[in-house]
Amino acid sequence: LHSEGNSDFVFGFEDGTVPPDGWTGDWTDDTTWAATGTHSAKSAMLGGNTNSDLTYADYAPTENGLISFDYKVSSEGNHDMLALLIDAAQTLTTWSGEGTGTVRYIVPPGTMDVTLRYLRDFGAIGGDDAVWVDNVRLMNRVAGCGGTPEAFHAGPAQVVAIQAGGVTVEAIYSGEQLVYSAGG
């Protein structure tokens, strides 16, 4: 996938500013993990049954857009989770336990708020009890994502989701490369 247009935003956090300009939330700069470089955004330390958010308001792709980010999760498996929300609605399955990967999520045109959320339950603590994100991309236009079927390729430990006509198709995988097609 590649982006076209001049309204793309890439947040690599290398200047140590978290949240970066245009974002709100309680996440902080961290240098213990980064997908590239040395800095990432890390969720806030939480008490039980609370959330830590990093939100970009008014993302407005003029055509099909792409939200992409690298992540690390170190949490209580199946309980404390990283989630991607669009306009406060959870869009993808969540990620918990121990792991890293890349998410690519295609969205329809329009104005929306994008939130990366760490959800912590009231129970036990697992791992570092935190999540990290790096290389967050909000792309204005993704070429080839119109109303015709397209093939999307991604490597190990990635999530690819396509939303069209109110239906979301999602693949989560690791190991060999997966290729799938979706139509509009």
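Our structure's up above, just so we're on the same page.
Residues numbered from 1 in each chain as written. Predicted model: local features only at pLDDT ≥ 70, side-chain atom pairs only at ≥ 80, totals over all residues. Heavy atoms only, no water.

Structural notes on the overall build of the chain
Turning to step 1, where the next piece is worked out: Regarding its fold elements, the chain presents zero helices and 18 strands.
Turning to step 2, where the next piece is worked out: Per-residue burial over the chain gives 46% buried out of 184 residues.
Turning to step 3, where the next piece is worked out: Put simply, 72% of the contacts in the chain that link residues at least 6 apart link residues at least 24 apart.
Turning to step 4, where the next piece is worked out: Looking at the chain as shown, the accessible area adds up to about 8400 Å², and 50% of this sits on carbon and sulfur atoms. (Helix = DSSP H or I, 4+ residues; strand = E, 2+ residues; numbered from the N terminus. Buried < 20%, exposed > 50% of the residue type's maximum accessible area, 1.4 Å probe, protein only. Contact = heavy atoms within 4.5 Å. Areas by Shrake-Rupley, 256 points an atom, 1.4 Å probe, with all protein chains shown as cover.)

Topic: the environment of Asp8
Turning to step 1, where the next piece is worked out: Mapped onto the elements, Asp8 comes out in the loop between β1 (3-4) and β2 (9-11).
Turning to step 2, where the next piece is worked out: Residue Asp8 is classed as partly exposed on the basis of its relative accessible area of 29%.
Turning to step 3, where the next piece is worked out: Spatially, the C-alpha atom of Asp8 lies 8.9 Å from that of Pro61, the residues being 53 residues apart in sequence.

Points about unusual backbone geometry
Turning to step 1, where the next piece is worked out: Between Val18 and the following residue, Pro19, the backbone shows a cis peptide bond with an omega angle of 0°.
Turning to step 2, where the next piece is worked out: Among the secondary structure elements, Pro19 is positioned in the loop between β2 and β3 (23-25).
Turning to step 3, where the next piece is worked out: With phi around 65°, Asp58 is a residue other than glycine that occupies positive phi space.
Turning to step 4, where the next piece is worked out: Take Asp58: it is sitting in strand β6 (residues 50-59).
Turning to step 5, where the next piece is worked out: Residue classification places Asp58 among the exposed positions, given a relative accessible area of 54%.

Examining the nonpolar core
Turning to step 1, where the next piece is worked out: If you look at the biggest cluster of nonpolar residues, it comprises 29 residues, and the most contacted ones within it are Trp27, Ile67, Phe69 and Val133.
Turning to step 2, where the next piece is worked out: Elements with a contribution of two residues or more to this core: β6, β7 (65-74), β8 (81-86), β11 (98-107), β12 (112-120) and β13 (130-139). (Core = buried A, V, L, I, M, F, W, Y, C linked by side-chain atoms within 4.5 Å.)

Thoughts on the pattern of salt bridges
Proximity of charged atoms lets side chains of opposite charge pair with each other.
Turning to step 1, where the next piece is worked out: Overall, the coordinates contain two salt bridges when judged by the stated rule.
Turning to step 2, where the next piece is worked out: Note that Arg117 is salt-bridged to Asp53, the shortest N-O span being 2.7 Å. Pair noted here: Arg117 is in strand β12 and Asp53 is in strand β6, with a separation of 64 residues, a long-range link.
Turning to step 3, where the next piece is worked out: Between Arg120 and Asp129 there is a salt bridge, with its nearest N and O atoms 2.8 Å apart. Here the two residues Arg120 and Asp129 agree in accessibility, since each one is buried. (Salt bridge = Lys/Arg side-chain N within 4 Å of Asp/Glu carboxyl O.)

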